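# A closer look at the structure
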Amino acid sequence: MNSYHIPDNAIITVAGTVGVGKSTLTTALAKQLQFQTSFEQVDSNPYLEKFYHDFERWSFHLQIYFLAERFKEQKKIFESGGGFVQDRSIYEDTGIFAKMHADQGTMSKTDYHTYTSLFEAMVMTPFFPHPDVLIYIEGSLPSILSRIQERGREMEIQTDVSYWEHMHERYSVWINEFTACPVLRLNIDEYDVHDSESMSNILTKIGQTIAKKA
Ligand SMILES: Nc1ncnc2c1ncn2[C@@H]1O[C@H](COP(=O)(O)OP(=O)(O)O)[C@@H](O)[C@H]1O
Ligand SMILES: Nc1ncnc2c1ncn2[C@H]1C[C@H](O)[C@@H](COP(=O)(O)O)O1
């Protein structure tokens, strides 16, 4: 246990829309806590770029790929005994992405049904360890859009703004209904990963959020 009362075996998951700052915060928190990290691999994903060019053709393939990758990461975290900060939760795959594509018709009803039943069988069981805390990062759509631009992934920059707008709206509904583990909300205008006082403040809040659960 550290001075922030965060157990050494804690599992901290960072959630939020694309470009909001999950990877950046994951790196900063893991450094402070001397925890291991679990990142989404974007460059080696064999479907992601194809998906951005043709949602209908690739959405099912991509969701299955993400589900498998995240489940493998979850297994690794569990087998290591925790002490991890994880970039994006498995809950967002189904609660945000798969649902959004099914609702907008870019994933067929049959594919969505197949995907959700696989997800539920794998994840929504008492055997799947939920994180100790989910940090939800939120911010205004214009700030997020400028971060997507600044990061410069061509496939994201070329995607219509309405896609990010819908995702932004869905996230704000999703988080209000999320109950799988305790949530700590952070607004991007209220912290700075390069400022030690700001990081210390976040770590204190993480410790308090985990303690409330116990
Ligand atoms: N706290 C912050 N302040 C300013 N810029 C940030 C901050 N966090 C992230 N960024 C920038 O925003 C972009 C997206 O951040 P990233 O961590 O990759 O987001 P995500 O993992 O949520 O997609 C990057 O260019 C990053 O440098
Ligand atoms: N489940 C997903 N379905 C579709 N796209 C996804 C999913 N999970 C992540 N993505 C995309 C969104 C971004 O383009 C990259 C990485 O996400 P980021 O929020 O930047 O970490 O993958």
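Residues numbered from 1 in each chain as written. Chains lettered and ligands numbered in written order. Predicted model: local features only at pLDDT ≥ 70, side-chain atom pairs only at ≥ 80, totals over all residues.

On to the packing of helix H6 (residues 141-151) against helix H8 (residues 161-177), then. Where H6 contacts H8, the axes come no closer than 11 Å and their chain directions differ by 130 degrees. On the basis of their axis angle, the class for H6 and H8 is oblique. As for how H6 packs across H8, the hand of that crossing is right-handed. Between H6 and H8, the contacting residues are Leu141, Ile144, Leu145 and Ile148 on the first element and Val161, Trp164, Glu165 and His168 on the second. (Axes fitted to C-alpha atoms, helices over the stretch in contact; angles between N-to-C directions. Helix = DSSP H or I, 4+ residues; strand = E, 2+ residues; numbered from the N terminus. Parallel < 35°, antiparallel > 145°, perpendicular 65-115°, else oblique. Left-handed = near helix turned anticlockwise from the far one by under 90°. Contact = placed C-beta atoms within 7 Å.)

On the secondary structure map, Ile148 appears in helix H6. A residue is classified by how many C-beta atoms lie within 10 Å of it, and Ile148, with 18 of them, is partly exposed. (Buried ≥ 20, exposed ≤ 12 C-beta atoms within 10 Å, placed from the backbone.)

Attention now goes to the sheet that holds strand S1 (residues 11-15). Strand pairing in a sheet relies on backbone hydrogen bonds, with the paired strands running either antiparallel or parallel. Strand order in the open sheet formed by five strands is S2-S3-S1-S4-S5, and the pairing between neighbours is parallel. The sheet is open, and its two edges are formed by strand S2 (36-38) and strand S5 (183-187), each paired on a single side. Sheet twist, expressed as the average angle between the axes of neighbouring strands with direction ignored, equals 20 degrees. Direction of pairing for S1 relative to strand S4 (residues 133-138): parallel, over a ladder of four bridges. When the bridges of S4 are listed, Ile12 appears paired with Val133. In the packing of helix H9 (residues 196-213) onto the sheet, contacts are made with S1, S4 and S5, and the angle to S5 comes to roughly 155 degrees. (Pairing = 2+ DSSP bridges.)

The local shell around ligand 1 holds 13 residues, among which Gly21, Lys22, Ser23, Thr24 and Arg147 are the closest. Elements with a minimum of two residues in the shell around ligand 1: helix H1 (22-33) and H6. For the shell around ligand 1, the class distribution of residues is four nonpolar, five polar and four charged. (Near = placed C-beta within 6 Å. Nonpolar A, V, L, I, M, F, W, Y, C, P; charged D, E, K, R; others polar.)

On to the site of ligand 2. Inspection of the region around ligand 2 gives 14 residues, with Val18, Glu40, Phe66, Asp93 and Phe97 positioned closest. When residues in the shell around ligand 2 are grouped by element, the largest group, three residues, is from helix H3 (residues 55-80). Its residues assigned to classes, the shell around ligand 2 shows six nonpolar, three polar and five charged.

On to H3. An α-helical turn contains 3.6 residues, so a residue and the one three or four places further along point in the same direction. Along its 26 residues, H3 runs 36 Å from first to last C-alpha, staying within 8% of the 38 Å computed at 1.5 Å per residue. Among the residues making up H3, those that are buried are Trp58, Ser59, Phe60, Leu62, Gln63, Phe66, Arg70, Gln74 and Ile77. Here the buried face of H3 lies against S1, S2, helix H2 (48-53), strand S3 (84-87), helix H4 (90-103) and helix H5 (109-122). Downstream of H3 by a residue or two, Gly81 has a phi angle that is positive, lying close to 80 degrees. (Expected span 1.5 Å × (residues − 1).)

Glancing now at the nonpolar core. General note: in soluble globular proteins, nonpolar side chains tend to be found buried as a group. In this structure, Ile12, Val14, Val85, Val133, Ile135, Ile137 and Ile206 are the most contacted members of the largest nonpolar core, which totals 24 residues. Elements supplying a minimum of two residues to this core: S1, H1, S3, S4 and H9. Looking at this core element by element, the count peaks at five residues for S4. With sequence-adjacent residues up to four places away left out, Ile206 is seen in contact with Tyr4, Ile6, Ile12, Val133 and Leu184. By size, the runner-up hydrophobic cluster in this structure holds six residues, among which are Phe60, Ala98, Ala102 and Met107. (Core = buried A, V, L, I, M, F, W, Y, C linked by C-beta atoms within 7 Å.)

You will see that His5, though not glycine, has its phi angle at about 65 degrees, which is positive. Residue position: His5 is located in the segment before S1. Using a count of 15 C-beta atoms within 10 Å as the deciding quantity, one classes His5 as partly exposed. Positive phi is not limited to glycine here, since Arg88 has a value of about 75 degrees. In this structure, Arg88 sits in the loop between S3 and H4.

Just geometry here; none of it tells us what the structure is for.
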